[in-house]
Amino acid sequence: MRSFEFHNPTRILFGRGVTEKCGDVVSGIGRKALLVTGGGSVKRSGYYDRVKRTLEAADVAVIDLQGVKSNPVLSKVVEGISLAKEGEVDVVVALGGGSVMDTGKAVAAGALMDDGYVWQVFEGKRTIQKALPVVTIPSLAASGSEMNGYMVITNESSGYKLATGSPHLYPRVSLLDPEITFTVPSDYTAYGGVDAVCHLMEPYFNGPDPVTPVSDRIAEGLMISIMEATEQAISAPLDFEARAALMWGATLALNGLTKAGVGEHHFPVHMIEHSVSALFDVPHGAGLAALLPGWLRWYASEVGPAKVIQFGNRVFQAGGEGEEGVGRAMNALEAWLRKIGAPASLSELGIGREDLDRIADNSQFQAGVWGLKEELSRGRVMSVLEAAF
Ligand code: NZQ
Ligand code: ZN
């Protein structure tokens, strides 16, 4: 196990009806809130009205930033920064999925920059020194943004979707009410499950230390819980326990817990997927699903089969050693993806062979920002893409 520091400052309130506490929670932080929402799902489900009512009852003034799209874009962040500055907002409340939460974080950081030019942070040209406090109410179990310091935004002018992070971006408080996810349709429920599983797989496979028994077991346990809960939530969308397990599992999957001790590692599947969703605007979890089997095949042959066999045996009870063990692990992963209705290859996602070059080219910008031009070189990315086609 490698040395690490683990500090997660986000306060979590979890349970049925916890959104009702929004006004009390936010009024302890600020008096003027920017309320960030997406394309309308929380209006249709009634949660927007409920949250707004609790804020107003607690004497918190509300300015709306609505219409955040999935795979959120920089122009919406810029709009939010103007609103926040003009309205002298002192807290950001993000009510929605990862796209809404990430937009809220980017606005929170940009609102305290003199020029508001937050994109330079994504390009690695400056760092965040401070940000407005953020409160999140996730409406979809997937990104883990509710308990981490990351954000992912697409610059629609340059065509890059980039991820960055800062300790200043951890939400101050997150309200996790599993019932808010009852309305998430089966496709996005599946994509959310895949995203959370992939957040666990990246440090599990890409850490440099071969002896990480605690983080391995935590990750394997969470993967199993998330997979079971995803299947259950798809077949019974109003099953509170399934939605609760999926929500808490997804939060724990990317809050720093499972990467503690595994050493410096990168997120190759995520890096490549961000280029896929930047170029083709596919849901993040669908892009990950399309890449994962190919990437795992590439990993077994280029890095080694041992961890893939461990994954197959412990997560899927797939059995087998050597070549056979790898094959069984691959089959089990693909079978799970198909069972929940997710694509298991790039071609199933509608991407053509002629598109692979563009994806590989696009990925190199993020690889450069992260200083990983060798580890995640264009050639390696191309090999993964070929394996995933
Ligand atoms: O926009 P609305 O109308 O709300 O509809 C959304 C959207 O169409 C819908 N939805 C959300 N909650 C719902 C609901 N529909 C019915 N009922 C509800 N309760 O779901 C669709 C997808 O929403 P989105 O926010 O895009 O999904 P997700 O939570 O998967 O977030 C994806 C974004 O997060 C980034 C991804 O790259 C992507 O841009 N990520 C952020 C991370 C982070 N900050 O730590 C890490 C992740 O790896 C990920 O990269
Ligand atoms: Zn993800």
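Residues numbered from 1 in each chain as written. Chains lettered and ligands numbered in written order. Predicted model: local features only at pLDDT ≥ 70, side-chain atom pairs only at ≥ 80, totals over all residues. Heavy atoms only, no water.

### Observations regarding the site of ligand 1
Around ligand 1 lies a shell of 32 residues, among which Ser-41, Ser-70, Gly-98, Ser-99 and His-199 are the nearest. Contacts to ligand 1 include Ile-180, whose backbone N or O atom sits 3.0 Å from a nitrogen atom. At 2.6 Å from an oxygen atom of ligand 1 is found a side-chain nitrogen or oxygen belonging to His-199. Calculation on ligand 1 without its partners gives an accessible area of 960 Å², and the protein chains cover 90% of this total. At the level of secondary structure, the elements contributing two or more residues to the shell around ligand 1 comprise helix 5 (98-110), strand 6 (150-155), helix 7 (186-206) and helix 10 (268-280). When grouped by side-chain class, the residues that make up the shell around ligand 1 number 11 nonpolar, 18 polar and three charged. Residues from two domains meet in the shell around ligand 1; each of domain 1 (11-180) and domain 2 (185-388) gives at least three. (Near = heavy atom within 4 Å. Polar contact = N/O pair within 3.5 Å; in protein donor to acceptor, adjacent residues only side chain to side chain. Areas by Shrake-Rupley, 256 points an atom, 1.4 Å probe, with all protein chains shown as cover. Helix = DSSP H or I, 4+ residues; strand = E, 2+ residues; numbered from the N terminus. Nonpolar A, V, L, I, M, F, W, Y, C, P; charged D, E, K, R; others polar. Domains from an automatic or database assignment.)

### Thoughts on the packing of helix 7 against helix 8 (residues 213-235)
It is at 9 Å that the axes of helix 7 and helix 8 come closest, and there the two elements cross at 175°. Considered as vectors, helix 7 and helix 8 are oriented roughly antiparallel to each other. Two secondary-structure elements touch here, helix 7 through Ser-186, Thr-189, Ala-190, Gly-193, Ala-196, Val-197, Leu-200, Met-201 and Tyr-204 and helix 8 through Asp-216, Ala-219, Glu-220, Leu-222, Met-223, Ile-226, Met-227, Thr-230, Ala-233 and Ile-234. (Axes fitted to C-alpha atoms, helices over the stretch in contact; angles between N-to-C directions. Parallel < 35°, antiparallel > 145°, perpendicular 65-115°, else oblique. Contact = heavy atoms within 4.5 Å.)

### Thoughts on the layout of surface pockets
Where empty space is left can be seen by rolling a probe of water-molecule size over the atoms. Put simply, the second largest pocket is a space of about 420 Å³. Together, 23 residues line the second largest pocket, and Phe-205, Asn-206, Trp-298, Tyr-299 and Val-303 are the ones closest to its centre. Secondary-structure elements contributing two or more residues to the lining of the second largest pocket are helix 7, helix 10, helix 11 (284-302), helix 12 (306-316) and helix 15 (378-388). It is helix 11 that provides the largest number of residues to the lining of the second largest pocket, a total of four residues. Residue composition of the lining of the second largest pocket, by class: 14 nonpolar, four polar and five charged. (1 Å grid on protein atoms, 1.4 Å probe; cavity = no way out; pocket = protein on both sides within 12 Å on 5 of 7 lines; lining within 4 Å. Points joined across faces, edges and corners; volume = space filled by probe spheres on them.)

### Comments concerning the nonpolar core
Counting 94 residues, the largest nonpolar core has Phe-311 and Leu-385 as its most contacted members. It is helix 11 that contributes the most residues to this core, 11 residues altogether. Looking at this core, you find at least three residues from each of domain 1 (11-180) and domain 2 (185-388). Discounting chain neighbours no more than four positions away, the residues touching Leu-385 are Ile-272, Leu-291, Leu-346, Leu-356, Ile-359 and Ala-360. (Core = buried A, V, L, I, M, F, W, Y, C linked by side-chain atoms within 4.5 Å. Buried < 20%, exposed > 50% of the residue type's maximum accessible area, 1.4 Å probe, protein only.)

### So, the sheet that holds strand 1 (residues 11-14)
One open sheet holds the six strands; their spatial order is 1-8-5-4-2-3, and the pairing between them is parallel. Each having just a single partner strand, strand 1 and strand 3 (61-65) make up the two edges of the open sheet. On average, each strand axis in the sheet is inclined to that of its neighbour by 20°, with strand direction left out of account. The sheet contact formed by strand 1 and strand 8 (residues 173-176) spans four bridges and is parallel. Residue pairing for strand 8: Arg-11 is matched across the bridge by Val-173. Its contacts with the sheet put helix 3 (residues 47-57) on strand 2 (32-36), strand 3, strand 4 (91-96) and strand 5 (134-138), and the angle it makes with strand 3 is roughly 150°. (Pairing = 2+ DSSP bridges.)

### Some details on the coordination of the zinc ion (ligand 2)
Around the zinc ion (ligand 2), the protein contributes the donor atoms Asp-195 (OD), His-199 (NE2), His-270 (NE2) and His-284 (NE2), which lie 2.0 to 2.2 Å from the metal centre. Between the donor residues of the zinc ion (ligand 2), the gaps in sequence give the motif D-x3-H-x70-H-x13-H. Taken as a pair, Asp-195 in helix 7 and His-270 in helix 10 lie far apart in primary sequence, 75 residues in all. The buried category is assigned to His-270, whose relative accessible area is 6%. (Donors = N, O, S within 2.8 Å, 3.2 Å for Na, K, Ca; no water.)

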